[in-house]
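Chain by chain, the residues:
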Amino acid sequence: SHSRCQQTWKEPPGPKPLPILGNLLLIDLKRPYLSLFSMSKQYGSIFTVYFGPKKVVVLAGYKTVKQALVNHAEEFEDRDISPIFADFNKGYGILFSNGNNWKEMRRFSLSTLRDFGMGKRGSEGKIIEETHYLREVFEQFKGNPFDTKQPLNYAISNIISAIVYGSRFEYSDPLFKDMVVWSNENVRLIGSASIQVYNMFPWLRSWVRNRKLIMINRENSIKGINRLVEHLQETLNPQDCRGLIDCFLVHKQKLSSGSTLFHEQNLVYTVANLFGAGTDTTAATLRWSLLLMAKYPHVQDRVQEEIDRVVGGRQPVMEDRKNLPYTHAVMHEIQRLANIAPMSVPHTTTCDVHFQGFFIKKGTSVVPLLTSVLRDENEWETPNTFNPAHFLDKQGRFVKRDAFMPFSAGRRVCLGESLARMEFFLFFTSLLQHFRFTPPPGVSEDQLDLTPAVGFILSPSPHKLCAVSRSV
Ligand code: HEM
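Just so we're clear, the structure is a prediction, and the values are computed from it rather than from any experiment. (Residues numbered from 1 in each chain as written. Predicted model: local features only at pLDDT ≥ 70, side-chain atom pairs only at ≥ 80, totals over all residues. Heavy atoms only, no water.)

### Some thoughts on the packing of aromatic side chains
Counted by the stated rule, this structure contains 26 aromatic pairs. A centroid spacing of 5.5 Å and a plane angle of 50° characterise the contact between Trp 380 and Phe 391, whose relative ring orientation is tilted. Of this pair, Trp 380 sits in the loop between helix 16 (370-374) and helix 17 (417-434) while Phe 391 sits in the loop between helix 16 and helix 17, and the two are 11 residues apart along the sequence. Among the residues examined, Trp 380 registers a relative accessible area of 3% and is labelled buried. Grouped by ring-pair contacts, the aromatic residues Tyr 133, Tyr 154, Tyr 165, Phe 169, Tyr 171, Phe 176 and Phe 275 constitute a single cluster. Over the aromatic face of Tyr 171 sits the side chain of Arg 168, whose NZ or CZ is 5.2 Å from the ring centroid. The ring of Tyr 326 carries the charged tip of Arg 302 above its face, separated from the ring centre by 4.1 Å. (Phe/Tyr/Trp six-rings, centres within 6.5 Å; stacked < 30°, edge-to-face > 60°. Helix = DSSP H or I, 4+ residues; strand = E, 2+ residues; numbered from the N terminus. Buried < 20%, exposed > 50% of the residue type's maximum accessible area, 1.4 Å probe, protein only. Lys NZ or Arg CZ within 6 Å of the ring centre and 35° of its normal.)

### Description of the sheet that holds strand 7 (residues 365-368)
Read across the open sheet, the 5 strands follow the order 1-2-7-4-3; overall the sheet is mixed. Each having just a single partner strand, strand 1 (46-51) and strand 3 (78-79) make up the two edges of the open sheet. (Pairing = 2+ DSSP bridges.)

### Quick notes on the site of the ligand
Taken together, 28 residues sit near the ligand, with Arg 79, Arg 106, His 347, Ser 408 and Cys 414 positioned nearest. Here Arg 106 contributes a side-chain N or O atom positioned 2.7 Å from an oxygen atom of the ligand. Contacts to the ligand include Arg 412, whose side-chain N or O atom sits 2.8 Å from an oxygen atom. Those elements that provide at least two residues to the shell around the ligand are helix 5 (99-116), helix 12 (264-278), helix 13 (280-295) and helix 17. In terms of residue class, the shell around the ligand is built from 15 nonpolar, 9 polar and 4 charged. (Near = heavy atom within 4 Å. Polar contact = N/O pair within 3.5 Å; in protein donor to acceptor, adjacent residues only side chain to side chain. Nonpolar A, V, L, I, M, F, W, Y, C, P; charged D, E, K, R; others polar.)

### Remarks on the coordination of the iron atom of the ligand
On the protein, Cys 414 (SG) is the one donor atom to the iron atom of the ligand, at 2.3 Å. In this fold, Cys 414 is placed in the loop between helix 16 and helix 17. (Donors = N, O, S within 2.8 Å, 3.2 Å for Na, K, Ca; no water.)

### Quick notes on the pattern of salt bridges
For the structure on display, the rule yields 19 salt bridges. Across the pair Glu 130 and Arg 168 runs a salt bridge, and its minimum N-O distance is 2.8 Å. One end of the pair, Glu 130, is in helix 6 (residues 121-140); the other, Arg 168, is in the loop between helix 7 (149-164) and helix 8 (174-190), with 38 residues separating them in the sequence. Arg 168 shares its class with Glu 130; the two are buried. Taking the shortest distance from any N to any O, the salt bridge between Glu 333 and Arg 336 comes out at 2.9 Å. (Salt bridge = Lys/Arg side-chain N within 4 Å of Asp/Glu carboxyl O.)

Next comes the structure, spelled out in C-alpha cells:
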C-alpha cells in the first residue's frame, strides 16, 4: 500500500539541520559522544544528525548496534574514510581501507598475528618479559608520584614491535622514543575539534594547523618504519620469519608481482595501523586501571587478595585467568567504564539499507555509539558507576555480559582483541601483584578525576600516582 511504501523510505529521525552548520550547535565537538548519547534519549536508538553538511546515522543501545553490526554485517561493514584518514592512509592498510585491499590486509594480519602474537606461547612470553622491564621502571620512582603514561606507552609499543619487527627496543632507543611520541600525538590531534571541523569542511585544508602537525608526524613515522623495513629486508631469511614484516616480504616475493596487493604502501600503512590502533588503546586501558584501583582501594584490596591467594609470588600466566574471577570481573568493569573508543571507528553503508523500518542510503556515514552500549540502561544495573558485580554471579563466579562491547562487533571488530586481552591481563596482574597504587600524598581518593582527556581515544586526564612496592 501507499503508506507502507512511505514507511520503508523514511529516513531515521533527528534534529532539524541548519544550512551549512547542520546540527553543530547541538554538538560539543570536544565530547561529541556525550551529545550523541543524550540525543539518543530524545530521538531513539537510530537517528540522523548533521555534522555540518555531513549526514551521519547514529546507532545507539546494545540491541540496535548488535543488530546492525552482526545481523546486517555486510551492509554496515565499510569504513567511513573521512578527509583526515584519507590524507593519512591513502586507502591502504587495514583501518582506513575498504574492499579487496581491506579484506586481504586484514586476513594477512590476523593470520600472522595468530602465529606471532595471539593464542600461542610466543606472545605470552614476550608480554611477560616486558612486564619485568616495566616493573623496573615503576620501582625506580620508589613510591613517589609519577605520570604512568610514558612507561606504559613504551611497554605496550614494545609488544607490537616484537610482533611486527621481531624484537623489542630499549626504552632509551631514540628512534623508538620518537615513534611512540609521533603516534601518540597523532591520536590526540585527530580527536581535536579543529580536525573534526576539517572533516566537515575539507576545503579548509591549508588553514588547519593541527592537520599540518599530523602530516609531519605521519611523514616522520613512515620514514622510521621504512628504515626498519630496509634493515629487515637486508637480513631476511625466508626460512625463518622474525615478525610480521618478514612474513609480508616473503609473501610479496612468492606472489608474482604486478596485480598483487602486497606492495610497499600496504606494508607501511598496515604496520602504522597496528601501532596506531594497538598502542594508545591498550596503554589507555592500563592507565584507567591503575587510576581506578587508586580511586577504589577496597576493590584493589580484593584483587590483591585474590592474586596473592591464587598466584602467590610467582609470575602470573594466562592459565591463571580462570582461577581469578574477581580480578577478571574488575578488568571487564574497567573496560566498560573507560569506554576508550566511544564512537568506535565510523562505518559507512555498502548499499541502500532498510533497517528497523528506516531507509539508509548507500555510502551514509554510520556511528556505532559504543558509549550507549557500555552504559545502556536496559543492560546494566548501575550504568554510571564502577561496579565489578556487573560481571559476577551470586556465588562470585565470573559472568559474561552481551553488552560488553568495547572492541565493537561484526566484520570490523577489533583485529587485536585477543592480543589486547592477553596484554591487559598479564600487565594488570603483574603490576597489582608487585605494587599498591595510591593517590599522591595530600590527594584524597575522591579528588582523583575520572574526566577523560579530549581525543579520538579516551585516555585519563593527566595525573600522577604512587606505585608502592608490596612485599611478595
Ligand atoms: C579496530 C578497540 C587494541 C588493532 C578497533 C575498533 C575498536 C577497537 C572499537 C573499531 C571496530 C569497528 O570498526 O567497529 C580496541 C580496544 C583495544 C584495542 C578497546 C584495547 C584495549 C588493539 C590492538 C591492536 C588493534 C592491541 C593491534 C594488534 C586494530 C585494528 C583495527 C581495530 C587493525 C581495524 C580493524 C578493521 O578496520 O578491520 N579496535 N582495540 N586493536 N583494532 Fe583495536
